[in-house]
Amino acid sequence: MDFTFTEEQQAAAEAARGVLADVAPDGVPSPALTRGAVADDFDRALWAGLADADLLSLLLDEEFGGAGLDAVALCLVLRESAKVLARVPLLETSAAAAALQAYGSPELKSALLRPVARGEVVLTVAAHGRTGHDPAELAVTARQDGADWVLDGAQTAVPWAYDADHVLVPAHTGDHHSVLALVPRGHEGTALAEQISTTGERLGELRLDSARITARDVITADGAWEWLRGLLATGTCALALGLGERVLRMTGDYTSERKQFGRPIAGFQAVAVQAADRYIDLRAMEVTLWQAAWRIASGAPGTLPASGDIAVAKIWASEGVRRVVQTAQHLHGGFGADVDYPLHRYHAWAKHLELSLGPAAAHEELLGDLLAAHPLG
């Protein structure tokens, strides 16, 4: 099998590296020092740079000003963004826009996708609890009332909820079916309550009280939420991989310079073995990520549904990113906890990603159910 990325995919990653070259991962103060959110908004200047480089429209077709690329290209760009802890809703906007393009009405696509591609409209997704697979587990309900839909419930930990123009909200209809409703910020019948993530970023609890949404802004197609959830999870795995790679590089640089008994500590067997174990984790995270992204991008058939590949990627990402940052903190010693050194920011982001992905045991259980339903061989 040829694992080489296409020229277009490599060009997207190269463009991302160029835009992100001057972004400092410690460019915001420590949450512990501010006692609240690290900032009131995301990095708008970086967002404009990503738009200028056509990196906000990777998954959109040319008719909407996009590049017509796939999930692999998006994950390559997300991987680069995580290396510098880019504070932008790149994953959420890209995934939501892709879902609108794949499943939305022509009117909805015509109204939103070109402004999204230009960076003028920001989207996010109320995807907390994205590990669930039964629509009945969704915290928001939707019912039809005439030509409109009415939403009730609450969704916690919505990323960029205070900054996005629209939130794509999954909701269940009570008959084991789900819909996706596009809810404008400040819409009648909605309210936000501030929450702070482990990274210090500002999240929002979105509360819906008989919020009325027009039929044009509600996606009822079968499989839309499952597809979007898979893309979000795979993108989160890409973020975990990029973060882990940068942290291991930081650890390698530090242990090569830090000396004890007159020699760099990287030469000590105990240090080298721990670093090697984490390198293996990263390679496993990488190969399982590309398998999942390829299944989403190609729609290729397999013995297991694509959700099986996504579950494997999530198992490695949630466990692997935790092990990488823990080893990095251990090998850095007390220096790793210094708020003037960016490792503490990476540790906070890693914990947030781990929690977003959910526990590996849950994905292992899902994988077991899939194997039972689709026996191999």
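This one's a predicted model, so the numbers in the text were calculated from it and none came from an experiment.

Q: Just to check I follow, could you spell out the overall build of the protein chain for this structure?
A: The helix and strand inventory of the protein chain stands at eleven helices and ten strands. Radius of gyration (C-alpha) of the protein chain: 21 Å, near the 21 Å computed for a compact globule of 377 residues. If you line up the protein chain on its principal axes, its C-alpha atoms span 80 × 55 × 35 Å. For the protein chain, the exposed surface amounts to about 16400 Å²; the carbon and sulfur share of it is 52%. Looking at charge distribution, the protein chain has the averaged site of its 30 positive side-chain charges lying 6 Å from that of its 49 negative ones.

Q: What is the right way to read the pairing of strand 2 (residues 140-145) from this model?
A: The side chains of a regular strand alternate, residue by residue, between the two faces of the sheet. With six bridges joining them, strand 2 and strand 3 (residues 148-159) adopt antiparallel strand pairing. Bridge assignment links Ala 142 to a residue of strand 3, and that residue is Leu 151. Linkage of strand 2 to strand 3, two consecutive antiparallel strands, is achieved through a turn of two residues, within which Gly 146 is found at a positive phi near 70°.

Q: Could you clarify how one ought to interpret the pairing of strand 4 (residues 166-172) in this entry?
A: Counting buried residues along strand 4, seven of its seven residues qualify, which places the element largely inside the surrounding structure. The alternating pattern of strand 4 places His 166, Leu 168, Pro 170 and His 172 and Val 167, Val 169 and Ala 171 on opposite faces, both of which are buried. With three bridges connecting them, strand 1 (residues 123-125) and strand 4 associate as parallel partners. The partner of Leu 123 across the bridge, within strand 4, is His 166. Here strand 4 folds back onto strand 5 (residues 178-184), and the loop between the two strands holds five residues, one of which, Gly 174, carries a positive phi near 90°.

Q: Sorry, what's going on with the packing of helix 9 (residues 306-332) against helix 11 (residues 360-373) here?
A: Helix packing for two helices is described by the angle between their axes and how far apart those axes are. Relative to each other, helix 9 and helix 11 sit at 160°, their axes nearing to 9 Å. Here helix 9 is positioned roughly antiparallel relative to helix 11, judged by the angle of their axes. Once helix 9 is placed against helix 11, the crossing between them reads as left-handed. When helix 9 is examined against helix 11, the residues Ser 307, Gly 308, Ala 311, Val 312, Lys 314, Ile 315, Ser 318 and Glu 319 are found in contact with a partner set consisting of Ala 360, His 363, Glu 364, Leu 366, Leu 367 and Leu 370. Taken together, the residues that form the contact of helix 9 with helix 11 break down as seven nonpolar, four polar and three charged.

Q: Help me understand unusual backbone geometry in this model?
A: Working note: non-glycine residues mostly have negative phi, and peptide bonds are mostly trans. The backbone phi angle of Asp 54 is positive, close to 60°, even though this residue is not glycine. In this fold, Asp 54 is placed in the loop between helix 3 (44-52) and helix 4 (71-83). Of note in the backbone geometry, Trp 160 takes a positive phi value of approximately 55° without being a glycine. Structurally, Trp 160 is set in the loop between strand 3 and strand 4. Residue classification places Trp 160 among the buried residues on the basis of a relative accessible area of 8%.

Q: Teacher, can you tell me more about the packing of aromatic side chains here?
A: Centre distance and the angle of the planes are the two values used to describe a pair of aromatic rings. On inspection of all chains with the given rule, the structure shows six aromatic pairs. Ring centres 6.0 Å apart and planes at 65° place the aromatic pair Tyr 103 and Trp 227 in the edge-to-face group. Placement of Tyr 103 in helix 5 (residues 90-103) and of Trp 227 in helix 7 (residues 224-257) is noted, with a sequence separation of 124 residues between them. On the accessibility criterion, Trp 227 (27% relative accessible area) is partly exposed. Joined through ring pairs, the aromatic side chains of Phe 42, Trp 47 and Trp 160 make up one cluster. A cation over a ring is seen here: Arg 202 above Tyr 162, with NZ or CZ 3.7 Å from the ring centre. The cationic tip of Arg 283 hangs over the ring face of Tyr 279; the distance from NZ or CZ to the ring centre is 4.9 Å.

Q: Just to check I follow, could you spell out the nonpolar core for this structure?
A: Where a protein is soluble and globular, its nonpolar side chains tend to be buried together. With 89 residues, the main nonpolar core has Leu 168, Leu 228 and Leu 243 as its most contacted residues. With 15 residues, helix 7 is the single largest residue contributor to this core. Residue contacts for Leu 168: discarding those within four places in its chain leaves Ala 96, Ala 99, Leu 100, Thr 124, Val 125, Ala 126, Leu 180, Ala 181, Leu 182 and Leu 228.

Q: What is the right way to look at the side chain of Asp 163 in this model?
A: Mapped onto the fold, Asp 163 is located in the loop between strand 3 and strand 4. One buried charged side chain, Asp 163, makes no salt bridge at all; its nearest oppositely charged neighbour is Arg 44, positioned 5.0 Å away. Non-local contacts of Asp 163, meaning those with residues more than four positions away in its chain, are made with Asp 40, Asp 41, Phe 42, Arg 44 and Arg 185.

Q: Which parts of the structure should I look at to understand the packing of helix 7 against helix 9?
A: For the pair helix 7 and helix 9, interaxial distance at closest approach is 9 Å and the crossing angle is 25°. Between helix 7 and helix 9, the crossing angle belongs to the class labelled roughly parallel. The hand of the helix 7/helix 9 crossing is left-handed. Across the contact of helix 7 with helix 9, the residue classes break down as 16 nonpolar, six polar and one charged.

About the cut-offs
Residues numbered from 1 in each chain as written. Predicted model: local features only at pLDDT ≥ 70, side-chain atom pairs only at ≥ 80, totals over all residues. Heavy atoms only, no water. Helix = DSSP H or I, 4+ residues; strand = E, 2+ residues; numbered from the N terminus. Rg over C-alpha atoms; globule rule 2.2 N^0.38 Å. Areas by Shrake-Rupley, 256 points an atom, 1.4 Å probe, with all protein chains shown as cover. Lys, Arg positive; Asp, Glu negative; His and termini not counted. Charge placed at Lys NZ, Arg CZ, Asp CG, Glu CD. Pairing = 2+ DSSP bridges. Buried < 20%, exposed > 50% of the residue type's maximum accessible area, 1.4 Å probe, protein only. Axes fitted to C-alpha atoms, helices over the stretch in contact; angles between N-to-C directions. Parallel < 35°, antiparallel > 145°, perpendicular 65-115°, else oblique. Left-handed = near helix turned anticlockwise from the far one by under 90°. Contact = heavy atoms within 4.5 Å. Nonpolar A, V, L, I, M, F, W, Y, C, P; charged D, E, K, R; others polar. Phe/Tyr/Trp six-rings, centres within 6.5 Å; stacked < 30°, edge-to-face > 60°. Lys NZ or Arg CZ within 6 Å of the ring centre and 35° of its normal. Core = buried A, V, L, I, M, F, W, Y, C linked by side-chain atoms within 4.5 Å. Salt bridge = Lys/Arg side-chain N within 4 Å of Asp/Glu carboxyl O.

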